[in-house]
Amino acid sequence: MRLDPVTLEIVGNRLSALTEEMCLTLQRTSRSLYVKETADFCCALAGLDGGFVAYPRGIGVSGFVGLNLLEAVRSAGPLEPGDVIITNDPYRSGGLATHLTDIQVIEPYFHEGEVVGYGWAFIHCSDIGGRVPSSLSPINDEIYQEGLQIPPVKLVKAGEPSRDVEALITANSRTPEANQGDIRAMLAALRTGRERLAGVIAQHGVDTVLAAQDDLVSYTAGKARAALSRLDDGTYRFVDYLDDDAVSSIPVRLSVTATLDAGELHLDFTGTDPQVAAAFNIATLGRPHAWITTRVLALICTLDPGIALNAGLIEPISVTAPEGSLVNPVRPAAVGVRHASASRVNDAVGGALGLAASAILPAASSGLVVPVVVAEQQNVQVLEPMVGGTGARDGADGVDGRDSGISNLSNNPVETVETEIGVEILRYGLRADSGGAGRWRGGCGLELTFRVLDDGSKLLARGLERLCFRPWGVRGGGPGAPTELIVNPGTPGERRHLKIDVLPLERGDVVTLLTSGAGGYGDPYTRDPAAVLRDVERGVVSPEAAAREYGVVLDSTDVGLAVDEAATAATRLLDPREGFGFGPERQAWESVFDTGTVDRLVAALFRLPRPARQPRRSALYHAVLRELPDGFPRITPAPDQLDTARRTLIKEIITLEGLA
């Protein structure tokens, strides 16, 4: 460390405040609902190595602190004062952009002719072209279908805007005015950052500011290692699943092996399925990318709440992400719905680290982020970014209806939604009986119900997950309720959907989305009956679920409900529950596709040429699933079906190994 602690603290706080002011500038001057209300944006200051040295704590998307912009900067060529780079290409930007609707801008900040840092901002734009309104669809199978790809190019050159680049972006979007408004807001934010950094340099000197950039990152890295060293060293493994890849009914497996060693953490994704012919791939380029390290950063910040947000947080983390896997796809793999896979990575990493520190790590969160998009004739807007709750942990219930696992987006005010979109919100609230039962209850999911007011509207809901495999509980805790999507519920025309692409709606249609609840922690029969009663009184647990899940019997009295202590004590005379609460669907799936056998399958697939992996995987799974009942794993197979399916699986793997 080159600076004394007092100077470093002063300069660090000023740089952090600079990024907060950049964010406020962006939000207050932005155009689209998803930026100005939902807050899907961020700004930061990067050092000369491209890593962020200052990042906002209280505004914007927090999970991108581990990104690096140096590869995008180098791709844009020599830079001069007044240049601004724009890109949205995940592969050509070195993973800085994570899908095409996230537009990134970078400005080199100069002092006396030398670059002293980089301002960065991003927004999620409403539409960047492509096959569907809002650009993102789970069934896109290559990035060309997802919209206009912008390699790192100069949007502004020496202070002069590039009208050609602006024209290309405008011509390829269904929402050109909103996009241009948001891009101009990002440019305003970069200008704010440039001016404030110049003020810091004027007061403290350029050498101090450059030294602070290195020292801030080094100091945070040391604190991050100290935090991780509080966990038990060892190797821990966990497997979780996406429900399917949206183009088939086959689940997608994510495997994480976490190795802790004296404050260093290695995440090995070997055993994860090959990249899919759908939009769930995460373009990490094999690095400790933001989308696969978010859970670790949250853990570090939990263990050390005062730690600064900068690139030092990821220095103790290394990864193995096999090329051609879901977490390191090869271009031109589609990546538009990468947040669904990131949620599952979050859960799998949490499950692995929870084996090292069960008193710190919670049960699974609801595990989904669903931007509910309504596309009208000339209007494409995210109605609401739907999440669920957080997992319960030792000593505390999960948070109801709120999950910042991979994104800390705000909800949209109902009044604003109804002003800007042709819908009427009928209900937006907590979903009763959705949180996993436990000594500590999992957070509830949400219910969103709205009526469509115009003809020709379309619904998109990318990121729908946990429709089958439920968020798991730990140490005897139960799983959360699965997600449901229903059109015209309770009517003769009721339709239930799983994952959707573009769903046409008619005037008067009512749509209900019920998001999954989070997992519980600990045996539900050890939960304080008074806490169960409070949940019933609040409406988040029904009296029936109180008796069924918690063994708490309630009686009606003149002043309301009360616990029948004798009946409750008699009901709770059961063996204690332990271990993970995965739910019946995962138990059924793994009764056929157990961990060891699927390890063997995945290893054989990766010995095939990359183009052959996905077709061969699909054919193998379908051969096995033909031996099982329709609706598996939601329907448990009979013993003879189970035996036949397992024999078929082994036979198919042996054949595959011969091909490999």
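The present account deals with the structure reproduced in this document. Since the model is a prediction, treat every value here as computed from it, not as a measurement.

1. A word on the sheet that holds strand S20 (residues 510-514)
Stage number 1. Strand order across the open sheet formed by five strands is S14-S15-S20-S17-S18, with antiparallel pairing between neighbours. Single-partner strands in this sheet number two, and they are strand S14 (423-430) and strand S18 (495-497). Taken pair by pair, the neighbouring strands of this sheet meet at an average axis angle of 15°, ignoring direction.
Stage number 2. In this sheet, S18 lies alongside strand S17 (residues 484-487) in antiparallel orientation, the contact comprising three bridges. The residue of S18 that forms the bridge with Leu485 is His497.

2. Quick notes on the packing of helix H1 (residues 5-29) against helix H6 (residues 206-228)
Stage number 1. Where H1 contacts H6, the axes come no closer than 10 Å and their chain directions differ by 90°. One element, H1, and the other, H6, form an angle in the roughly perpendicular class. Every residue of H6 that contacts H1 at Thr7, Leu8, Val11, Gly12 and Leu15 is listed here: Thr208, Ala212, Asp215 and Leu216.

3. Digging into the environment of Arg184
Stage number 1. Relative to the helices and strands, Arg184 is located in helix H5 (residues 176-204).
Stage number 2. Overall, the relative accessible area of 46% leaves Arg184 in the partly exposed class.
Stage number 3. Spatially, the C-alpha atoms of Arg184 and Ser30 are 7.7 Å apart, while their sequence positions differ by 154 residues.

4. Digging into the packing of helix H4 (residues 163-171) against H5
Packed helices, taken two at a time, are described by the angle between their axes plus the distance between the axes.
Stage number 1. Contact pair H4 / H5: the axes reach a minimum separation of 9 Å and the direction vectors enclose 140°. The angle between H4 and H5 places the two elements in the oblique class. In the packing of H4 onto H5, the handedness of the crossing is right-handed. Of H5, the residues touching H4 (which contributes Glu166, Ile169 and Thr170) are Pro176, Gln180, Ile183 and Arg184.
Stage number 2. Considered class by class, the residues forming the contact of H4 with H5 number three nonpolar, two polar and two charged.

5. So, the pattern of salt bridges
Stage number 1. Enumeration over the complete set of coordinates arrives at 44 salt bridges.
Stage number 2. Between Arg163 and Glu166 there is a salt bridge, and its shortest N-O distance comes to 3.1 Å. Of the two residues, Arg163 and Glu166 both sit in helix H4, three residues apart, roughly one turn of that helix.
Stage number 3. For Arg163, a relative accessible area of 53% corresponds to the exposed category.
Stage number 4. Where Arg344 meets Glu465, a salt bridge forms, and the shortest distance between an N and an O atom there is 3.5 Å. Highlighted residues: Arg344 in helix H8 (residues 338-356) and Glu465 in the loop between strand S16 (458-461) and S17, separated in sequence by 121 residues. Assigned by exposure class, Arg344 and Glu465 land together as buried.
Stage number 5. It is possible to trace a salt-bridge network through shared partners that takes in Asp240, Asp244, Arg344, Asp347, Glu465, Arg466, Lys499, Arg586 and Glu590.

6. A word on the environment of Pro385
Stage number 1. When you line up the elements, Pro385 lands in strand S13 (residues 380-386).
Stage number 2. It is 20 Å that separates the C-alpha atoms of Pro385 and Asn281, two residues lying 104 residues apart in sequence.
Stage number 3. Among residues more than four places away in sequence, those in contact with Pro385 are Tyr34, Thr38, Val370, Pro371, Leu409, Ser410 and Asn412.

7. Considering the packing of aromatic side chains
Stage number 1. Using the criterion set out here, one finds 17 aromatic pairs in the structure.
Stage number 2. Centroid distance Trp589 to Phe593: 4.2 Å. Interplanar angle 25°. Geometry classified as stacked. This pair shows no difference in class: Trp589 is buried, exactly as Phe593 is.
Stage number 3. Note that Arg577 overlies the ring of Tyr525, its terminal NZ or CZ placed 4.9 Å from the centroid.
Stage number 4. Against the face of Phe582 rests Arg586, its NZ or CZ located 3.8 Å from the ring centre.

8. Overview of the pairing of strand S12 (residues 370-375)
Stage number 1. Within S12, six of the six residues are buried, leaving the element largely enclosed by the surrounding structure.
Stage number 2. Note that S12 and S13 share six bridges and pair antiparallel. Paired with Val372 across the two strands is Glu384, which belongs to S13.
Stage number 3. Two successive antiparallel strands, S12 and S13, enclose a turn made up of four residues.
Stage number 4. Relative to S16, S12 runs antiparallel, the two sharing four bridges. Residue pairing in the sheet places Ala375 in a bridge with Lys458 of S16.

9. Looking at the sheet that holds strand S8 (residues 234-242)
Stage number 1. Strand order across the open sheet formed by four strands is S8-S9-S10-S11, with mixed pairing between neighbours. In this open sheet, the two strands that pair with only one neighbour each are S8 and strand S11 (317-320). When the angles between neighbouring strand axes are averaged without regard to direction, this sheet yields 20°.
Stage number 2. The sheet contact formed by strand S10 (residues 264-268) and S11 spans four bridges and is parallel. By the bridge assignment for S11, Leu267 is matched with Val319.
Stage number 3. Together, S8 and strand S9 (252-261) form the strand contacts of helix H14 (residues 595-606), whose direction differs from that of S9 by roughly 100°.

10. Describing helix H7 (residues 290-303)
Stage number 1. Spanning 14 residues, H7 covers 19 Å between terminal C-alpha atoms, matching the ideal 20 Å at 1.5 Å per step.
Stage number 2. Buried residues dominate H7, accounting for eleven of its 14 residues.
Stage number 3. Where H7 is concerned, the buried positions are Ala290, Trp291, Ile292, Thr293, Thr294, Arg295, Val296, Leu297, Leu299, Ile300 and Leu303.
Stage number 4. Among the structural elements, H6, S10, S11 and H8 are those in contact with the buried residues of H7.

11. Concerning the nonpolar core
Stage number 1. Counting residues in each nonpolar core, the largest one holds 164 residues, and the members touching the most others are Leu26, Trp120, Leu267 and Phe450.
Stage number 2. Not counting residues up to four positions away in its chain, the partners in contact with Phe450 are Val372, Val374, Leu383, Val423, Glu424, Ile425, Leu426, Leu459, Asp509, Val510 and Val511.

Reading guide: rules and limits
In this numbering scheme, every chain counts its residues from 1 along its sequence in written order. Given that this is a predicted model, residues contribute local features only at a pLDDT of at least 70 and side-chain atom pairs are listed and counted only at 80 or more, while totals for whole chains, interfaces and linings are drawn from all residues. The side-chain values count all of the structure's non-hydrogen atoms but skip hydrogen atoms and water molecules. Note on pairing: two strands pair once DSSP finds at least 2 bridges between them. Secondary structure is summarised from DSSP: a helix means a run of H or I of at least four residues, a strand means a run of E of at least two, and numbering begins at the N terminus for each. Axis definition: a line fit to C-alpha positions, over the contact stretch in the case of helices; interaxial angles, taken between N-to-C directions, run 0 to 180 degrees. Should an angle fall under 35 degrees it is taken as roughly parallel, and over 145 as roughly antiparallel, whereas 65 to 115 is taken as roughly perpendicular and any remaining angle as oblique. Contacts were defined at the residue level, with two residues in contact if any of their heavy atoms lie within 4.5 Å. A 1.4 Å probe rolled over the protein chains alone gives each residue an accessible area, and that area as a share of the maximum for its type sets the label: buried under 20%, exposed over 50%, partly exposed in between. Handedness of a crossing is defined here by the sense of rotation of the near helix relative to the far one, left-handed for an anticlockwise turn of less than a right angle and right-handed for a clockwise turn. Note on residue categories: nonpolar means Ala, Val, Leu, Ile, Met, Phe, Trp, Tyr, Cys or Pro, charged means Asp, Glu, Lys or Arg, and polar means any other residue, Gly included. The rule for a salt bridge is simple: a side-chain nitrogen of Lys or Arg has to be within 4 Å of a carboxyl oxygen of Asp or Glu. Here a pair means two rings of Phe, Tyr or Trp (six-membered ring of Trp) with centres within 6.5 Å. Their orientation is stacked below 30 degrees between planes, edge-to-face above 60, and tilted elsewhere. The rule is short: NZ of Lys or CZ of Arg within 6 Å of the ring centre and within 35 degrees of the ring normal puts a charge over the ring. One less than the number of residues in a helix, times 1.5 Å, gives the span that helix is expected to have. Nine residue types can take part in a nonpolar core, namely buried Ala, Val, Leu, Ile, Met, Phe, Trp, Tyr and Cys, and a core is a set of them joined through side-chain atoms within 4.5 Å.

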